[in-house]
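Close look at the chain arrangement
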Amino acid sequence: MKIDRRNKILAGLTIAASILIVRLFIIQIVDDSYKTDASNNSMVHAVIYPTRGIIYDRNGRILVGNKVAYDMLVTPKEVEEFDTLELASILEVTPDFIREKMNGYYRDRRKIGYRSVVMLSHLPPEIFMKFAEVSYKFPGFRGQARNIRDYPYDAGGNLLGYISEVSADDIKRHPDIYKPGDYIGKTGIEATCEDYLRGEKGYNIYLRNSRNRIETRYKDGEMDKEAIPGNDIVTTIDAELQHYGQELMRNKVGSLVAIEPSTGEILTLVSSPGINVDMLADIGKHYGEIASDPYKPMFNRAVQSSYPPGSVFKLVNGLIGLQEGLVTPDTEYPCRMGYHFGRSKLGCHAHRSPINLEESIMMSCNAYYCYVFRDILESGKHGSVAESMDVWNRYVQSFGFGRKLGSDFPAELGGFIPDSRYYDSVYGKGAWKATTVISLSIGQGEIGCTPLHLANLCATMANRGFYYIPHIIRGTDKVHIDPKYYERQYTMVDTSHFPVMVEGMYRAVNSGYGSGGTATIAAVKGLDICGKTGTAQNPRGDDNSVFICFAPKDNPKIAVAAYVEHGSFGARWAAPIASLLVEKYLAGEIGDDRKALETRVLEGNLMDKVKP
Amino acid sequence: MNKYNGRGLLETIDWKLVICYLVLIIIGWVNIYASIHSSEPSSIFDPSCRSGKQFIWMTVSLGLAALVLFALNPRIYESLSVPIYLATLCLLVAVIFLGTEVKGSKSWFVFGPVSFQPAEISKIATSLMLATVMSQSGYRLSRARDFLITAAIILIPMAIIVAQSETGSALVYVGFVFMLYREGLSGWILFMIGMAITLFITTLTVSSYASVMILAVVITICNALFSGKFRQWLKIYLPAFILLGALPFLHDWLAGMTDNPGAFILKIQPLHILGGVAAVLLPVFAMRAFRSGKSFLWLSIGAFIVGVAFVFSVDFLFHDVLQEHQRKRIEVLLGLKDDPTGVGYNVNQSMIAIGSGGLTGKGFLKGTQTAYGFVPEQSTDFIFCTIGEEWGFLGTASVIILFVFLIWKIILDAEHCREAFTRIYGYCVASCIFMHLFINIGMTIGIMPVIGIPLPFISYGGSSLVTFTVMLFIFIALVKNEKKYF
């Protein structure tokens, strides 16, 4: 054979292949260290579970931590005869429970083989310690320590969410991450931040002898893998405030949302009735109870419930009117107990007339906004009523209404803001006019928004024209949040139009009793609260009580929206609740002059008004 | 015009290649099923699991193979190679901006359930382009202009793929030097490339001391062989190198012996001694070269100095110029550090899996190491572990022999061709398959760094299977065409 380049290449190929084959021969046949002995079960991987990341509030207080609990594992093949009664009394279960389990294992003995199965989970350390003392009497039984969630503070049960064992679907979706028996965040922050919180499993490798007893560490633990703990999550929630908010909303159905306007960080987000954190720790036991509760405590009303905003929405219509040049701060309109059109009337309460824009907010005049809204639709500036309707729709959407805000709640609801297409489909094309949809002027009718939308409107007012997308996860070096949360979102209304509306909000609260201001009950000395009440019709009973407010007027620190179902006037329940929350946050405690109000709110019970 | 010589399909198609191909894809399919079997026990055909998907890809591949074999005229490749190559380059660049990020590198286009990697197609495009350019009459690899064009054809897609952070895929292109070697590339260039890679990796993994030692040993051996004084080398140089090689150990041992860490003897690093020896010997060699007038000796001295400069600049660049995170990235890419689980975790796991297979393996679907998910990427890049664990040494050796047979046969067929185009293309195919084979299997048994590239025909994944099928069948079609007309 001649030595040409072809043959050199073929020789090279042969040498390379020989290297591979010799190496394989070494590790598969010669070298014992890579081999397990005759029985295929000789290597046992004992999984080390990572500790799940801790969830902190904005001030470093632990909302969700970890504590140790034990899983009772049984290796049926290793079980010898034992005293069922004694075991049952130690583990605090009935003897029948143990007998039933053991019979089940016997039936499935082929499937189980030499594996261990979980007989009981979440044993508290006290019980496990009792077992550990006498464990020599029960061969085949052993405990496995496991971190479970611990909630040192009753705040934000709905926000935090819970973890539970992975479902078959989870495993199918991420077969390389989850194995049966692993835990996964199912709702709330536990679910949205699962990737950060989870950490990575490790394991120790042990060798079994021929009698299937674990003997030694494989290669002295050289091949073991350490578990990597999960990353901690810092939320924007203020635990103290959240707790207080939950107290205020107790026995009422509705939501309470507080945002820090300068960042968009959610300070408090209460959905009432909610889940108590004690239930979260052992969700398995309480799941049935929670799921069958007619008030749906799992349902996060603050971001998932769509309500009409009521008079709060006048702010938006007023601002659109200003931007479109249809009203000025000095524009005055009369109100004769309502707005009369044709033979119909949209009623209003008694107040002096005529009034200007600022006073219209302060006294929440319905008629004023009927004039403004009708002007918006009929001005002809954008063509027909239908076209003007769509312009109005775009304005409203720029405030975040009618669409998902993009917060970090995956289940966030977008709500609904109607446009001309919608009314065309309801009434027929061209068969509706401004007066048909006049209730939109005061935030009634076909508008749907979530309490989060309202809080965001409030933050926009506080910032005089822009907002940051509300969020509950704070970015840290290890946890990255979308950069959109750091960007100002401007509305389509120029920022120069906001101060006059803010002034109206200020006067609504701080004009003193008898002045006509609708929210004087929310006034707190020295805090300069600016607010707007709303009373939204609820076809299922009493009106909903709505209130948004921010404080202080200059350089605001907090913007709150309270929505209480069937709470009648805005000033009746929502305004006291929201103002108490603001006072708690800014002043630290409730002043003596407002203690009576606080007591009334804390003891108030509206549950019987709600027909679930 | 060529005359049709009347041979039928039976004679013109290289059925050995086709059968070898079919056996390989079926081995792949069965082992993909075995690797996912424990986590999702379902039918091998179930389209929701990986083996079912692979089956769909196999059907698609066979369809494409038939298309390439029977429907397309093999003449088109030569004329279309330039547009195909340019279009592929565009795709490669586009994916950096428009692609979806998968495991830290932007190299995939995702269309609903189907995703594909332009880097795969570019292997075919580059091979066709090389074959076209290098088969032009008047092309000579030794001419600088032709050499530069050829180098550019290989290096441009390679550079773009490195920019996609798919260094592993780019490494495959190094394999084209085998084809270039066959086409007349100087063996010294091949040798120098090999030397540079070795020095680079030893510098980063072991030490620059070891690199310089290797360099010195290789250069003196070359010199000895060249001047026919190999015996003398064995007598004088070998003991000297053994002594120098033992120095670092001696140093460590001394450090363990003395209590005084500041002792003078410890301040003399092995590298200082090596430097001293070199400083004394280099002028001596230079003198000898000057007297004897042997240019080879001059060349050796020059090569040694260049090599040492190379080693220390790699060392300096890596340890002193690069930032911590860049360094880490290179270490991970080279498989030096497999963060975050510590060095060599994947390799250990995969070697345990393969090693536990023994001679005959644990049997189909009986594997425990691969099945419990301790081996990462078990159906894609680490599929060889499943073969090793369930089919043992017999299985792994058979697979390697099958591959060797395939590559061998491609080379023989290529050599028998009259057209340079077919021969060059054939060598390209053989080089690509060989690089994938050696890097992939080498990685699973710990003799190559962890570089995530698939095992051709066997690993799970549509992009890779379809690409290699089309690549191979274009070659079979070209060969068939030749047999038909000559």
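In case you missed it, the structure is sitting above this.
Structural notes, computed from the coordinates. (Residues numbered from 1 in each chain as written. Chains lettered and ligands numbered in written order. Predicted model: local features only at pLDDT ≥ 70, side-chain atom pairs only at ≥ 80, totals over all residues.)

1. Examining the overall build of chain A
Secondary structure summary: chain A contains 22 helices and 20 strands in total. Expressed as a percentage of its 612 residues, the buried residues of chain A come to 42%. A fraction of 71% describes how many contacts in chain A between residues 6 or more apart in sequence connect residues 24 or more apart. (Helix = DSSP H or I, 4+ residues; strand = E, 2+ residues; numbered from the N terminus. Buried ≥ 20, exposed ≤ 12 C-beta atoms within 10 Å, placed from the backbone. Contact = placed C-beta atoms within 7 Å.)

2. Brief notes about unusual backbone geometry
Residue and element names in this part refer to chain A. In this chain, Ser272 is followed by Pro273 through a cis amide linkage whose omega measures -5 degrees. Looking at the element boundaries, Pro273 is found in the loop between β12 (265–272) and α11 (277–281). With an omega of -10 degrees, the peptide bond between Ser353 and Pro354 qualifies as cis. Along the chain, the position of Pro354 falls in the loop between β14 (344–347) and α15 (357–363). Of note in the backbone geometry, Arg464 takes a positive phi value of approximately 60 degrees without being a glycine. As for its position among the elements, Arg464 is in the loop between α19 (451–462) and β15 (466–467).

3. Focus: the pairing of strand β20 (residues 558–564) of chain A
Residue and element names in this part refer to chain A. Counting buried positions along β20 gives 7 out of 7 residues, so the element sits mostly inside the fold. Along β20, one buried face is formed by Ile558, Val560, Ala562 and Val564 and the opposite face, lined by Ala559, Ala561 and Tyr563, is buried too. Note that strand β19 (residues 544–551) and β20 share 7 bridges and pair antiparallel. Bridge pairing in β20 places Val546 opposite Tyr563. (Pairing = 2+ DSSP bridges.)

4. Structural notes on helix α20 (residues 498–510) of chain A
Residues and elements named next belong to chain A. In this model α20 runs 18 Å from its N-terminal to its C-terminal C-alpha over 13 residues, within 8% of the 18 Å that 1.5 Å per residue would give. Along α20, the positions that sit buried rather than exposed are Phe498, Met501, Val502, Gly504, Met505, Tyr506, Arg507, Ala508, Val509 and Asn510. Against the buried residues of α20 lie α14 (314–323), α15, α19, β18 (530–536) and β19. Positive backbone phi, approximately 90 degrees, marks Gly512, located one or two places after α20. (Expected span 1.5 Å × (residues − 1).)

5. Here we look at the packing of helix α4 (residues 75–98) of chain B against helix α5 (residues 118–134) of chain B
Residues and elements named next belong to chain B. One way to put it is that α4 packs onto α5 with a least axis distance of 8 Å and a crossing angle of 145 degrees. With respect to the hand of their crossing, α4 and α5 are arranged in left-handed fashion. Along the contact surface, α4 presents Tyr77, Glu78, Ser81, Val82, Ile84, Tyr85, Thr88, Leu91, Leu92 and Val95, while α5 presents Pro118, Ala119, Ile121, Ser122, Ala125, Thr126, Leu128, Met129 and Thr132. Its residues assigned to classes, the contact of α4 with α5 shows 13 nonpolar, 5 polar and 1 charged. (Axes fitted to C-alpha atoms, helices over the stretch in contact; angles between N-to-C directions. Left-handed = near helix turned anticlockwise from the far one by under 90°. Nonpolar A, V, L, I, M, F, W, Y, C, P; charged D, E, K, R; others polar.)

6. Points about helix α18 (residues 420–444) of chain B
All names here are of chain B. For α18, which comprises 25 residues, the first-to-last C-alpha distance of 36 Å matches the rise-based estimate of 36 Å (1.5 Å per residue) to within 8%. Across the 25 residues of α18, 23 count as buried, placing the element largely inside the fold. Positive phi shows up at Gly446, right after α18, with a value of about 80 degrees.

7. Notes on the sheet that holds β20 of chain A
Residue and element names in this part refer to chain A. Taking strand neighbours across the sheet as the criterion, the 5 strands line up as β12-β11-β20-β19-β18 in an open arrangement whose pairing is antiparallel. At either end of the open sheet lies a strand with only one pairing partner, and these are β12 and β18. Sheet twist, expressed as the average angle between the axes of neighbouring strands with direction ignored, equals 5 degrees. Relative to β20, strand β11 (residues 254–260) runs antiparallel, the two sharing 6 bridges. Paired with Gly254 across the two strands is Val564, which belongs to β20. Across the sheet, α19 lies against β11, β19 and β20, angled at about 150 degrees from β20, the strand it touches most.

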